[in-house]
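Here is what each chain is made of, one letter per residue.
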Amino acid sequence: MKKRPEELRSHRWFGVKDLRSFGHRSRTAQMGYDRGDYAGKPVIAIINTWSDINHCHTHFRQRAEEVKRGVWQAGGFPLECRRWRSPRPCRSPPR
């Protein structure tokens, strides 16, 4: 069953006429997106742990791009969020 745009959680971020939604729309425009890119579409967050310093996660950069492409193709609006945690080589030894 397909939801109407007003039923999506992302509608609270982008569709409502209030100051908070204005901020979300404004920052999205600053990132280079047009209103037609996200209006009435589900916003899908892609959490990515990729970093240059963590060699175990090097393939996640490409994987996130592939997932974003799939979200676009399915009619959604993908937003990638970095999930950074300090890898073992960057931490000081336990005390």
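As a starting point, this report considers the structure included with it. (Residues numbered from 1 in each chain as written. Predicted model: local features only at pLDDT ≥ 70, side-chain atom pairs only at ≥ 80, totals over all residues. Heavy atoms only, no water.)

Here we look at the overall build of the protein chain
Line of reasoning, step 1. Each helix and strand counted, the protein chain has 4 helices and 2 strands in total.
Line of reasoning, step 2. For the protein chain, the succession of helices and strands along the chain, N to C, is α-α-α-β-α-β.
Line of reasoning, step 3. Across the 95 residues of the protein chain, 23% fall into the buried class.
Line of reasoning, step 4. Sequence-distant contacts in the protein chain: of pairs separated by 6 or more residues, those separated by 24 or more amount to 56%.
Line of reasoning, step 5. Accessible area of the protein chain: about 7,700 Å², with a carbon and sulfur share of 53%. (Helix = DSSP H or I, 4+ residues; strand = E, 2+ residues; numbered from the N terminus. Buried < 20%, exposed > 50% of the residue type's maximum accessible area, 1.4 Å probe, protein only. Contact = heavy atoms within 4.5 Å. Areas by Shrake-Rupley, 256 points an atom, 1.4 Å probe, with all protein chains shown as cover.)

Quick notes on the pattern of salt bridges
Line of reasoning, step 1. Applying the stated criterion across every chain, the model contains 5 salt bridges.
Line of reasoning, step 2. Between Lys-68 and Glu-65 there is a salt bridge, with its nearest N and O atoms 3.2 Å apart. With Lys-68 and Glu-65 both in helix H4 (residues 60-73), this residue pair falls 3 residues apart, about one helical turn.
Line of reasoning, step 3. Residue class for Glu-65 comes out partly exposed when judged on its relative accessible area of 39%.
Line of reasoning, step 4. The partner of Lys-68 in a salt bridge is Glu-80, with the nearest N and O atoms 3.2 Å apart. One end of the pair, Lys-68, is in helix H4; the other, Glu-80, is in strand E2 (residues 77-82), and 12 residues separate them in sequence.
Line of reasoning, step 5. Salt bridges sharing partners connect three or more residues here, namely Glu-65, Lys-68, Glu-80 and Arg-82. (Salt bridge = Lys/Arg side-chain N within 4 Å of Asp/Glu carboxyl O.)

Section: a positive patch on the surface
Line of reasoning, step 1. A surface patch of positive charge is lined by Lys-3, Arg-9, Arg-12 and Arg-20.
Line of reasoning, step 2. With respect to the secondary-structure elements, Arg-9 resides in the segment before helix H1 (10-14).
Line of reasoning, step 3. Judged by its relative accessible area of 67%, Arg-9 falls in the exposed class. (Patch = residues over 30% accessible without salt bridge, like charges linked within 9 Å, V, L, I, M, F, W, Y side chains within 5 Å. Lys, Arg positive; Asp, Glu negative; His and termini not counted. Charge placed at Lys NZ, Arg CZ, Asp CG, Glu CD.)

A word on the side chain of Ser-21
Line of reasoning, step 1. Examined against the element boundaries, Ser-21 turns out to sit in helix H2 (residues 19-30).
Line of reasoning, step 2. Residue class for Ser-21 comes out buried when judged on its relative accessible area of 0%.
Line of reasoning, step 3. Excluding anything up to four places from it in sequence, Ser-21 contacts Arg-12, Trp-13, Phe-14 and Val-16.

Some remarks on H2
Residues separated by three or four positions in an α-helix point in the same direction, a consequence of the helix having 3.6 residues per turn.
Line of reasoning, step 1. An ideal rise of 1.5 Å per residue puts 16 Å on 12 residues; H2 measures up with 16 Å between its terminal C-alpha atoms.
Line of reasoning, step 2. On the buried face of H2, the contacting elements are H1, helix H3 (35-38) and E2. (Expected span 1.5 Å × (residues − 1).)

A look at the environment of Arg-83
Line of reasoning, step 1. Mapped onto the elements of the fold, Arg-83 is located in the segment after E2.
Line of reasoning, step 2. The exposure class of Arg-83 is partly exposed, given its relative accessible area of 44%.
Line of reasoning, step 3. Taking the C-alpha atoms as reference points, Arg-83 and Ser-51, separated by 32 residues in sequence, lie 9.5 Å from one another.

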